[in-house]
Every structure is written in structure tokens, then in C-alpha cells.
Amino acid sequence: MTTIDQIIAEKIGAMYAGDWPVGNLILCVIALLLSALLSGAIGYERETKGSNAGFRTHLLVGIGSCIIMIVSVYGFPAIEGTRRDVARLAAAVVTGVGFLGAGAIMHRNAGITGLTTAATIWVSMAIGLACGSMNFILATGGTILILIVLITLGKFEVYFSKKKDRRLH
């Protein structure tokens, strides 16, 4: 089954400027710009909430993940008789950013803070990987859903936590 993203990547990837194959370069630029836009939107939302990891952190994680995925896809030419595993670098990024997110989690008094920040750092990485693997629609849809969760469900969480506190007292 061919996805819309694959059709877009094939059409753009096949573009030439004279004798120069510029399609992959154009795809890489689109991936980097979209990654910056989408992870930046998540970071901006965190910045407005006063999170420790804000706009720049999310932007850097998203763009860095996109670059790693692009390198994984295009950076290692296939050698005859061998198989490439383009997911190998992506797996390392998932692990590495997991440790970065773990650093955002703090134990204070009787509670834990920073879980949402750690999660948004991790999903910014996922958005970057999706852009770098040319899954633009998935990255855009995922970002929209993430922003809906961050903006709207936070209000429900506050409401339910206040209601829960009343029952405990």
C-alpha cells in the first residue's frame, strides 16, 4: 500500500534542475522546515506554560531528530550485497531523548513534576523522526493532536484534581 506521503516523496524526489537531481535536497529542506515548525509549536505551548524546557529545547530536539533520520535514510549508501537498517539510528535517538526527558523529571516534596515536559520532549523527537522519514502528514496530524491534548486536557486535569482534593478532605 502506498501512502500519500510516499507519493509526495516520490514526485519531489524525482525532480531535476537540468542534470542535477535536486529532489532529495528539496525533500530534506521541507523535512527540516516542517520539523522546526511543528516541534516549535509544541515548544511554544510549553514556553507559555512556564515549562523548564520551552521553545528552543523542543525546537532543537525536533530538528536534531529530523537530521538524524535524514542521515539514516540518505547518509549511508547501500553497499552491494548488504542490507541497510534505516531504523537503527532512529532507535538510538528514541533512547537518547528518553534520557534527556528523564532529566526533566523532578521529585519535590511529596510529588513529581516535569512528566508532561519529559513527554513533550519525547514527542518532539517523534515529530522530528517522522519529518525526517518524509512522513509529513503523520507529523502534522500528530502535532495537532498533541497540541489539542496539551491545551484542552490540561483544563480538565485541573478540574478533576480539584474535585478529587475535595473528596479527600
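Just above, that's the structure.
All of these numbers come straight from a predicted model, not from anything done at the bench.

1. What about the pattern of salt bridges?
When charged atoms on two side chains of opposite charge get close, those side chains can pair.
Move 1: Considering all chains together, one arrives at two salt bridges under this definition.
Move 2: Close ionic contact of E45 with R46 constitutes a salt bridge, the shortest N to O distance being 3.6 Å. Taken as a pair, E45 and R46 share a single burial class, namely buried.
Move 3: Across the pair K49 and E45 runs a salt bridge whose closest N-O atoms are separated by 2.5 Å.
Move 4: By relative accessible area, which is 6% here, E45 ends up buried.
Move 5: One network of salt bridges, in which partners are shared, links E45, R46 and K49.

2. A word on the environment of Y16
Move 1: Structurally, Y16 is set in strand β1 (residues 16-17).
Move 2: For Y16, a relative accessible area of 55% translates into the label exposed.
Move 3: When neighbours within four sequence positions are excluded, Y16 is seen to be in contact with P21 and V22.

Conventions we followed
- Residues numbered from 1 in each chain as written.
- Predicted model: local features only at pLDDT ≥ 70, side-chain atom pairs only at ≥ 80, totals over all residues.
- Heavy atoms only, no water.
- Salt bridge = Lys/Arg side-chain N within 4 Å of Asp/Glu carboxyl O.
- Buried < 20%, exposed > 50% of the residue type's maximum accessible area, 1.4 Å probe, protein only.
- Helix = DSSP H or I, 4+ residues; strand = E, 2+ residues; numbered from the N terminus.
- Contact = heavy atoms within 4.5 Å.

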